[in-house]
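The lines below spell out each chain.
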Amino acid sequence: NAGVTQTPKFRVLKTGQSMTLLCAQDMNHEYMYWYRQDPGMGLRLIHYSVGEGTTAKGEVPDGYNVSRLKKQNFLLGLESAAPSQTSVYFCASSFTNYGLAGELGEQFFGPGTRLTVL
Amino acid sequence: GENVEQHPSTLSVQEGDSAVIKCTYSDSASNYFPWYKQELGKGPQLIIDIRSNVGEKKDQRIAVTLNKTAKHFSLHITETQPEDSAVYFCAASSRPSGTYKYIFGTGTRLKVLA
């Protein structure tokens, strides 16, 4: 199994350009997530999905859109990139109702995409 | 809003010594507390986790303790080795009806000095 894969690994954009980051998982997970990681700020949730065809906003959703047309794929879009969106982006996936109390369990992360917006 | 505070932000220890990283959470509904290790250029990977009905869990050189009353949980690494050098993140998770929360701490950069 490949686990969670992300494409591309690196990208440089100019302000105002658009792009889509692709995340794919082969573990049949229901939940998928997009995070951004900035120095000193840990991982911040952008958007997440609890199943095919569903999406929801996380902590920092502004400037991003997502789609989950297929269970195994979760796309993150930037319609008009800004320098503030320079970051490392991680996708993750997890099972649902992992624990006896319904708590969420382990998240499996991809290798990340380093995005620079000039 | 809810948050998770993690300390220290950096930690240097001599090889063979112990390392302790502490986290405090604010949401009393949190019931799952994982710890992730992130090596340079890679995504975070789960190393140990604990659920709210357990006070302590150990896996070889790694242990996690949870104090629900004080809303504290800690990661303990004994007999540290150079390969333990990485960034460690704690997280607190809850799943109240209709919502989802999985909040990460800001990370601790651990350096194990040979």
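As a reminder, the structure under discussion sits directly above these lines.
Counting from 1, residues in each chain are numbered in the order their sequence is written. Whichever chain is written first is A, and whichever ligand is written first is 1; the rest continue in order. Residue-level local features of this predicted model are given only where pLDDT is at least 70; pairs of side-chain atoms are given and counted only at 80 or more, and the full residue set underlies all totals for whole chains, interfaces and linings. Neither water nor hydrogens contribute to the side-chain values; these are computed over all heavy atoms in the structure.

*Asks:* Would you explain the environment of Phe10(A) in this entry?
*Replies:* For the purposes of this entry, the term helix denotes a DSSP run of H or I that reaches at least four residues, the term strand denotes a run of E that reaches at least two, and both are numbered from the N terminus. Examined against the element boundaries, Phe10(A) turns out to sit in strand 2 (residues 10-13). Only protein chains enter the area calculation, which uses a 1.4 Å probe; residues under 20% of their type maximum are buried, those over 50% are exposed, and those in between are partly exposed. According to the relative accessible area criterion, Phe10(A) is exposed, its value standing at 60%.

*Asks:* What should I look at first to understand the side chain of Lys37(B) in this one?
*Replies:* Residue and element names in this part refer to chain B. Here lysine 37 lies in strand 4 (residues 32-38). What makes lysine 37 buried here is its relative accessible area of 16%. The term polar contact refers here to a pair of N or O atoms within 3.5 Å; inside protein, the definition further demands a hydrogen-donor-capable atom paired with an acceptor-capable atom, and it admits residues adjacent in sequence only when both atoms are side-chain atoms. Here glutamate 83 takes part through its backbone oxygen, which lies 2.9 Å from a polar atom of the side chain of lysine 37. Discounting chain neighbours no more than four positions away, the residues touching lysine 37 are Gly43, Pro44, Gln45, Ile47, Glu83, Asp84, Ala86, Val87 and Tyr88. Contacts are residue-level and defined by heavy atoms, with any inter-residue pair within 4.5 Å sufficient.

*Asks:* Whenever I open this one, the layout of surface pockets confuses me. Can you help?
*Replies:* Unoccupied space between atoms shows up once a probe the size of one water molecule is rolled over them. In this structure, the largest pocket occupies an estimated 770 Å³ of space. Broken down by secondary-structure element, the contributors of at least two residues to the lining of the largest pocket are strand 9 (87-94) and strand 11 (113-117) of chain A together with strand 9 (86-94) and strand 11 (108-113) of chain B. Think of a 1 Å grid over the protein atoms and nothing else: a 1.4 Å probe that fits but is trapped marks a cavity, an open set flanked by protein within 12 Å on at least five of seven lines marks a pocket, and residues with an atom within 4 Å of a point count as lining. Grid points are joined across faces, edges and corners, and a volume is the space filled by probe spheres set on the points.

*Asks:* Explanation requested: the sheet that holds strand 6 (residues 56-59) of chain B in the structure shown.
*Replies:* Strand pairing in a sheet relies on backbone hydrogen bonds, with the paired strands running either antiparallel or parallel. Residues and elements named next belong to chain B. With respect to topology, five strands assemble into an open sheet ordered 1-3-8-7-6, the strand pairing being antiparallel. A single partner strand is all that each edge strand has here, and the edge strands are strand 1 (4-7) and strand 6. Within this sheet the neighbouring strands show an average axis-to-axis angle of 15 degrees, counted without direction. What makes two strands pair is DSSP finding at least two bridges between them. Relative to strand 7 (residues 62-67), strand 6 runs antiparallel, the two sharing four bridges. Paired with glutamate 56 across the strands is threonine 65, a residue of strand 7. Inter-axis angles, ranging from 0 to 180 degrees, are taken between N-to-C directions of lines fitted to C-alpha atoms, where helices are fitted over the stretch in contact.

*Asks:* Just checking my understanding: could you explain the pairing of strand 8 (residues 72-77) of chain B for this structure?
*Replies:* Side-chain positions along a regular strand alternate between the two faces of the sheet. Residues and elements named next belong to chain B. Taken together, the six bridges between strand 3 (residues 19-25) and strand 8 define a ladder with antiparallel strand orientation. Counterpart to alanine 19 in the pairing with strand 8 is isoleucine 77. The pairing of strand 7 with strand 8 spans six bridges and is antiparallel. Bridged to valine 64 within strand 8 is leucine 75. Counted between consecutive antiparallel strands, the loop separating strand 7 from strand 8 contains four residues, among which lysine 71 sits at a positive phi close to 60 degrees.

*Asks:* Sorry if this is basic, but what is going on with the sheet that holds strand 1 (residues 4-7) of chain A here?
*Replies:* Residue and element names in this part refer to chain A. Within the open sheet, the four strands sit side by side as 1-3-8-7. Their pairing is antiparallel. Edge strands, defined here as strands with exactly one partner in the open sheet, are strand 1 and strand 7 (65-67). For this sheet, the mean angle separating the axes of adjacent strands, direction not counted, is 20 degrees. Two strands pair when backbone bridges link them, and strand 1 and strand 3 (residues 19-25) are joined in this way by four bridges, in the antiparallel orientation. Opposite threonine 5, over in strand 3, you have alanine 24 as the bridge partner.

*Asks:* Before we go on, may I ask you to explain empty space enclosed by the protein in this structure?
*Replies:* Residues and elements named next belong to chain B. A full pass over the atoms with the stated rule returns one cavity of 30 Å³ or more. When its volume is computed, the largest cavity comes out at roughly 40 Å³. If you go around the largest cavity, the residues you meet are Glu2, Asn3, Val4, Tyr25, Asp27, Ser30, Ala92, Ser93, Ser94, Lys101 and Ile103. Of all elements in the fold, only strand 9 and strand 10 (101-104) reach the threshold of two or more residues within the lining of the largest cavity. Sort the elements by how many residues they give to the lining of the largest cavity and strand 9 lands first, with three residues. Of the residues belonging to the lining of the largest cavity, the class tally is four nonpolar, four polar and three charged. Each residue is assigned to one of three groups, with Ala, Val, Leu, Ile, Met, Phe, Trp, Tyr, Cys and Pro labelled nonpolar, Asp, Glu, Lys and Arg labelled charged, and all others, Gly among them, labelled polar.

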